[in-house]
Amino acid sequence: MQIRDWIRAAVVGLCIGGCAGMQEGVNQETRAAVAPTGTLRVAFLLGPIYASKDSATGELKGVAVDLGKELARRVGVPFQAVVYSNPPALIGGAKSGEWDVALAGINVERAAAMDFSAPYMEVEQGYLVRAGVPVATAADVDKAGIRIGVLEKSGAELHLSKTLKNAELVRVNSPAENFALLDIGKVEVIAATKTALFAGATSRPGSRVLEGRVVVEPIGMGVPKGRNAAAATYVAKYVEEAKSANLVAAAIKGARLRGVAVAPPR
């Protein structure tokens, strides 16, 4: 089953009634379903496509913050960011009740722990090659002797673990660790979102982001499995409204993301 077909099947029934109700206020049942503690706890990974932390103020800024705050405003509760360094920790948070809504890449494994909306954006994953390594194209990466750093359980890791034949995957626990391995020569290439790779290349003379892409990862909003169904329904409606009202486009533009596009309407 293709990823787009799987996504369509996964969100069937979540967008009943369209988006008109988004502007009509939220009843107490829906508010309690979406934010049962009275605060909307919004989970995401710390990274360019979700949010970055200002080194001077510590303030979080990015698409996840913009969309999370707007969702909290519509529900009528305070916003609280719940930040994770890697996907397994975020998935664990769904099972232990640490968050109410998460912004994350959509795949089958994560869908076992959360109910996803349709995607709100699509993100290109690509390769960054260390300076001096004789790799010119994406096709050159899958060769014996090439080590590829990749975040464990990320969209790139899940795809490459199934498709690589000769190169070796080196799995890491955080984006920072991925770049660190590249810097000390433990890997020749890293795979990650192109947004992160372009940013990383600017401080690494001689490194280069390869043309093409490893995979395009759909990013959606999810709620933990077992929650009142009204939560997933409301979040799914919000995602469609955010796309059609250009909220997602504005957040992407504000974060200056590259290799990222608004997902098509459902």
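Look up a bit, the structure's there.
Read on for an overview of the structure. In this text the structure is predicted, and so the values were computed from the model without any measurement.

What counts, and at which threshold
- Residues numbered from 1 in each chain as written.
- Predicted model: local features only at pLDDT ≥ 70, side-chain atom pairs only at ≥ 80, totals over all residues.
- Heavy atoms only, no water.
- Salt bridge = Lys/Arg side-chain N within 4 Å of Asp/Glu carboxyl O.
- Helix = DSSP H or I, 4+ residues; strand = E, 2+ residues; numbered from the N terminus.
- Buried < 20%, exposed > 50% of the residue type's maximum accessible area, 1.4 Å probe, protein only.
- Pairing = 2+ DSSP bridges.
- Axes fitted to C-alpha atoms, helices over the stretch in contact; angles between N-to-C directions.
- Left-handed = near helix turned anticlockwise from the far one by under 90°.
- Contact = heavy atoms within 4.5 Å.
- Nonpolar A, V, L, I, M, F, W, Y, C, P; charged D, E, K, R; others polar.
- Core = buried A, V, L, I, M, F, W, Y, C linked by side-chain atoms within 4.5 Å.
- Right-handed = clockwise from strand over helix to strand, strands pointing away.

## Digging into the pattern of salt bridges
Now for step 1: Under the definition given, this model contains 14 salt bridges.
Now for step 2: With its nearest N and O atoms 3.7 Å apart, the salt bridge here joins Glu 109 to Lys 153. Residue Glu 109 is found in helix α5 (residues 108–111), and its partner Lys 153 is found in the loop between β8 (147–151) and α6 (155–163); the two are separated by 44 residues along the sequence.
Now for step 3: What makes Lys 153 partly exposed here is its relative accessible area of 27%.
Now for step 4: Close ionic contact of Glu 188 with Arg 130 constitutes a salt bridge, the shortest N to O distance being 3.4 Å. Within this pair, whereas Glu 188 is found in the loop between α7 (175–183) and β10 (189–193), its partner Arg 130 is found in the loop between β7 (121–129) and β8, the two being separated by 58 residues in sequence.
Now for step 5: A relative accessible area of 10% means that Glu 188 is categorised as buried.

## Examining the pairing of strand β5 (residues 101–105)
Now for step 1: With 5 of 5 residues buried, β5 lies mostly within the body of the structure.
Now for step 2: Bridge count between strand β1 (residues 40–45) and β5: 2 bridges; the pairing is parallel. When the bridges of β5 are listed, Ala 43 appears paired with Ala 102.
Now for step 3: Bridging between β5 and strand β12 (residues 215–224) involves 4 bridges; their strand directions are antiparallel. Across the sheet, the residue bridging to Leu 103 is Met 221, located in β12.

## Let's talk about the packing of helix α3 (residues 63–75) against helix α10 (residues 247–255)
In helix packing, the relevant descriptors are the interaxial angle and the interaxial distance, both defined with respect to the helix axes.
Now for step 1: At a minimum axis separation of 8 Å, α3 and α10 run at an interaxial angle of 145°. Crossing geometry of α3 relative to α10 is assigned as right-handed. Contacts between α3 and α10 pair Val 63, Asp 66, Leu 67, Glu 70 and Arg 74 from the former with Leu 247, Val 248, Ala 251, Ile 252 and Ala 255 from the latter.
Now for step 2: Classifying every residue of the contact of α3 with α10 gives 7 nonpolar, no polar and 3 charged.

## Points about the nonpolar core
Now for step 1: Of all hydrophobic cores here, the largest spans 55 residues; its most connected members are Leu 40, Tyr 50, Leu 71, Trp 99, Tyr 120, Met 121 and Met 221.
Now for step 2: Apart from residues no more than four positions distant in its own chain, Leu 71 is found in contact with Leu 40, Val 101, Met 221, Tyr 234, Val 235 and Tyr 238.
Now for step 3: In terms of nonpolar packing, the next biggest core, distinct from the first, is built from 17 residues, Tyr 127, Ile 148, Val 150 and Val 189 among them.

## Comments concerning unusual backbone geometry
Now for step 1: With phi around 70°, Lys 153 is a residue other than glycine that occupies positive phi space.
Now for step 2: A positive phi angle, near 65°, is found at Asn 246, a position not held by glycine.
Now for step 3: Its place among the elements puts Asn 246 in the loop between α9 (229–244) and α10.

## Brief notes about the pairing of strand β9 (residues 168–172)
Now for step 1: Alignment of β8 against β9, held across 5 bridges, turns out to be parallel. The partner of Leu 151 across the bridge, within β9, is Val 172.
Now for step 2: On the question of chirality, the crossover connecting β8 to the parallel β9 by way of α6 is right-handed.

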